[in-house]
Amino acid sequence: MFCFDSPPNKYKKLDAKLEKKMMEVKRSALQINNFRSINGIIMKFPQIKEVLKDIRGVFEQYDEDSNGTIDNDELKKCVKKLQLHLAEKEIDDLFDSCDLDGSAGIQFKEFIVLLCLIYLLTDYSNSPHTLTSKMGSPQLEATFDIIVEAFLFLDKNGDGKLNKKDIVKSLNEDFPWEKSPAHVTRARFKEMDWDGKGNVSFREFLFSFINWVGVDTDENHVTGSKK
Ligand SMILES: [Ca+2]
Ligand SMILES: [Ca+2]
Ligand SMILES: [Ca+2]
């Protein structure tokens, strides 16, 4: 029953799609690009945090057995309810790709990653939501757009992924008079580079970004307890 043919880089296809998407956004006139420095991004953290916190309710709604994790079946129901047109295989891929912390299933922070990837990668042209907003929450979409902008700010060479040079360059723009210490840059980058391949995909960036913003972690949250 076990499948041993999965290649070491099972995220390759999804990450390649994301790379393309990032370059597409960068080229498009839609990009506002209001970030001039990393500090500008950090200033947005409180605002982003507020919006992402609200996802908790959605997460709990789909975590039917309230065990703090969305399993594959629960995700399929969630996709159905959101009226997303995804093939079973695509859902499985998303599920695997968003399980970044290695604990089986999708926890809250991974769920945020998942929603953002759905937002970016789904073709909504056949969706009934098109007239209102893609995800039913303009606020959430605006927040995802900000995160994309932050990524594009960091992606200095515009190839849709982050490497060390991109990060060094971005950090040094903030402190041109005092080059940021190499070890700080290295640490920040290593934090993001989950698979250790030297390139950070948008997916990996997103997960780290959520940590930096400081959205409540699953550990602090007592599932189902209302007292
Ligand atoms: Ca569950
Ligand atoms: Ca997980
Ligand atoms: Ca790059």
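All figures in this text were calculated on a predicted structure; none of them were measured in a lab.

Rules behind the numbers
Residues numbered from 1 in each chain as written. Chains lettered and ligands numbered in written order. Predicted model: local features only at pLDDT ≥ 70, side-chain atom pairs only at ≥ 80, totals over all residues. Helix = DSSP H or I, 4+ residues; strand = E, 2+ residues; numbered from the N terminus. Contact = placed C-beta atoms within 7 Å. Core = buried A, V, L, I, M, F, W, Y, C linked by C-beta atoms within 7 Å. Buried ≥ 20, exposed ≤ 12 C-beta atoms within 10 Å, placed from the backbone. Axes fitted to C-alpha atoms, helices over the stretch in contact; angles between N-to-C directions. Parallel < 35°, antiparallel > 145°, perpendicular 65-115°, else oblique. Nonpolar A, V, L, I, M, F, W, Y, C, P; charged D, E, K, R; others polar. UniProt positions renumbered as here; feature names shortened; annotations may be inferred. Arc of directions from axis to C-beta. pLDDT = per-residue confidence, 0-100.

## Quick look at the overall build of the chain
In step 1: When helices and strands are tallied, the chain shows 11 helices and 0 strands.
In step 2: Counting from the amino terminus, the chain carries its helices and strands in the arrangement α-α-α-α-α-α-α-α-α-α-α.
In step 3: Residue pairs at least 24 apart in sequence account for 64% of intrachain contacts in the chain once pairs closer than 6 positions are excluded.

## Observations concerning the nonpolar core
In step 1: Val113, Leu114, Cys116, Leu206 and Ile210 are the most contacted members of the largest nonpolar core, which has 48 residues in total.
In step 2: Where this core is concerned, the elements lending two or more residues are helix 1 (12-27), helix 3 (45-53), helix 5 (72-81), helix 6 (88-98), helix 7 (108-121), helix 8 (138-154), helix 10 (182-192) and helix 11 (202-213).
In step 3: Of the residues forming this core, the biggest block, 10 residues, is contributed by helix 7.

## Details of the packing of helix 4 (residues 55-62) against helix 7
In step 1: Between helix 4 and helix 7, whose axes approach to 10 Å, the crossing angle comes to 100 degrees. Here helix 4 is positioned roughly perpendicular relative to helix 7, judged by the angle of their axes. Along the contact surface, helix 4 presents Ile55, Arg56 and Phe59, while helix 7 presents Phe108, Phe111, Ile112 and Leu115.
In step 2: Taken together, the residues that form the contact of helix 4 with helix 7 break down as 6 nonpolar, no polar and 1 charged.

## Structural notes on unusual backbone geometry
Peptide bonds are trans in most cases, and residues, glycine excluded, mostly fall at negative phi.
In step 1: A positive phi is found at Ser66, a non-glycine position, where the angle reads about 50 degrees.
In step 2: Summarising the element assignment, Ser66 is placed in the loop between helix 4 and helix 5.

## Examining the UniProt feature "domain: EF-hand" (unreviewed entry) in the chain
In step 1: Annotation from UniProt places "domain: EF-hand" (unreviewed entry) at residues 50-85, 86-121 and 142-177.
In step 2: For residues 50-85, the helix share is 61%, the strand share is 0%, and the end-to-end C-alpha distance is 29 Å.
In step 3: Summarising residues 86-121: 69% helix, 0% strand, and an end-to-end C-alpha distance of 11 Å.

## Digging into helix 5
In step 1: Along helix 5, the residues classified as buried are Leu75, Cys78 and Val79. One side of helix 5 holds all its buried residues, which, seen down the axis, span an arc of 100 degrees. Across helix 5 from its buried face, at more than 90 degrees, point the exposed residues Asp73, Lys77, Lys80 and Lys81.
In step 2: Where the residues of helix 5 are buried, they touch helix 4 and helix 6.
In step 3: Immediately beyond the C-terminal end of helix 5, within one or two residues, lies Gln83, with a positive phi of roughly 55 degrees.

## Description of the environment of Glu88
In step 1: Residue position: Glu88 is located in helix 6.
In step 2: Accessibility expressed as a C-beta count within 10 Å gives 9 for Glu88, which makes it exposed.

## Observations concerning the confidence of the model for the chain
In step 1: Of all residues in the chain, 79% attain a pLDDT of 70 or more, and the chain-wide mean is 81.
In step 2: For the stretch residues 1-8, pLDDT sits under 50, and the model shows 0 contacts to residues farther than four places along the chain or on other chains.
In step 3: Segment residues 218-227 is flagged for pLDDT under 50; beyond a separation of four residues in sequence, or across chains, it makes 9 contacts in the model.

## Details of the environment of Phe205
In step 1: Locating Phe205 in the fold gives a position in helix 11.
In step 2: Note on Phe205: 24 C-beta atoms within 10 Å, which makes it buried.
In step 3: On a C-alpha basis, the gap between Phe205 and Met192 in space is 5.8 Å, while along the polypeptide they are 13 residues apart.

## Here's the deal with the environment of Glu24
In step 1: Within the element layout of this structure, Glu24 appears in helix 1.
In step 2: By C-beta crowding, Glu24 is classed as partly exposed, having 13 other C-beta atoms within 10 Å.
In step 3: Distance in space between the C-alpha atoms of Glu24 and Gly160 is 8.9 Å, their sequence separation being 136 residues.

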